[in-house]
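# Structural characterization, general
Each chain is listed here by its residues.
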Amino acid sequence: IHSTESVIQSTELIMTMTNILVDRDALRITMICSTIVGLKMLIGNLMIGMARIKAGTRPPEDKELFPKAGSQGFLGRKDNDEDKKKKAAKEMEQRCIRIGFNYLENISI
């Protein structure tokens, strides 16, 4: 057994521990970029949530959490969609959902 490896053996488990050399700068940059991507995902999901509240597409039981936002339902509000603000809210919701899916596509895990 080499000095860089130690082997623990049991009847069902064999575990090998190896030292790995990591470039500090590369690790630091990876940590910073991962934090940025995580914050970007958080902000994107908050945008989706806010857009869904405005569009009225939150679950009906969430109406109590957002009384000023009006009725909520999985298919949107039951009132007429002819209002420009309501139509813009639904368009913004769809845009935010697409942005969120795009963020998920670009994560290389």
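Residues numbered from 1 in each chain as written. Predicted model: local features only at pLDDT ≥ 70, side-chain atom pairs only at ≥ 80, totals over all residues. Heavy atoms only, no water.

Predicted confidence across the protein chain gives a mean pLDDT of 80, with 80% of residues reaching 70 or more. Of all the helices and strands in the protein chain, strand β1 (residues 5-9) carries the lowest mean pLDDT, 50, while helix α1 (residues 24-55) carries the highest, 91. Predicted confidence for residues 1-5 stays below pLDDT 50, and this span has 7 contacts to residues more than four positions away or in other chains. (pLDDT = per-residue confidence, 0-100. Helix = DSSP H or I, 4+ residues; strand = E, 2+ residues; numbered from the N terminus. Contact = heavy atoms within 4.5 Å.)

Looking now at helix α2 (residues 84-105). Look at α2: 32 Å from first C-alpha to last across 22 residues, which is about the 32 Å you get at 1.5 Å a residue. Along its buried surface, α2 packs onto α1. (Expected span 1.5 Å × (residues − 1).)

Before going further, it helps to spend a moment on the environment of Thr35. Mapped onto the elements, Thr35 comes out in helix α1. Note on Thr35: relative accessible area 47%, which makes it partly exposed. Here the side chain of Thr35 touches Met31 through a polar contact of 2.8 Å, landing on its backbone oxygen. (Buried < 20%, exposed > 50% of the residue type's maximum accessible area, 1.4 Å probe, protein only. Polar contact = N/O pair within 3.5 Å; in protein donor to acceptor, adjacent residues only side chain to side chain.)

What follows concerns a nonpolar patch on the surface. A surface patch of nonpolar side chains, about 430 Å² in accessible area, is lined by Ile20, Val22, Leu27 and Met31. One can find Met31 in helix α1. (Patch = residues over 30% accessible without salt bridge, like charges linked within 9 Å, V, L, I, M, F, W, Y side chains within 5 Å. Areas by Shrake-Rupley, 256 points an atom, 1.4 Å probe, with all protein chains shown as cover. Salt bridge = Lys/Arg side-chain N within 4 Å of Asp/Glu carboxyl O.)

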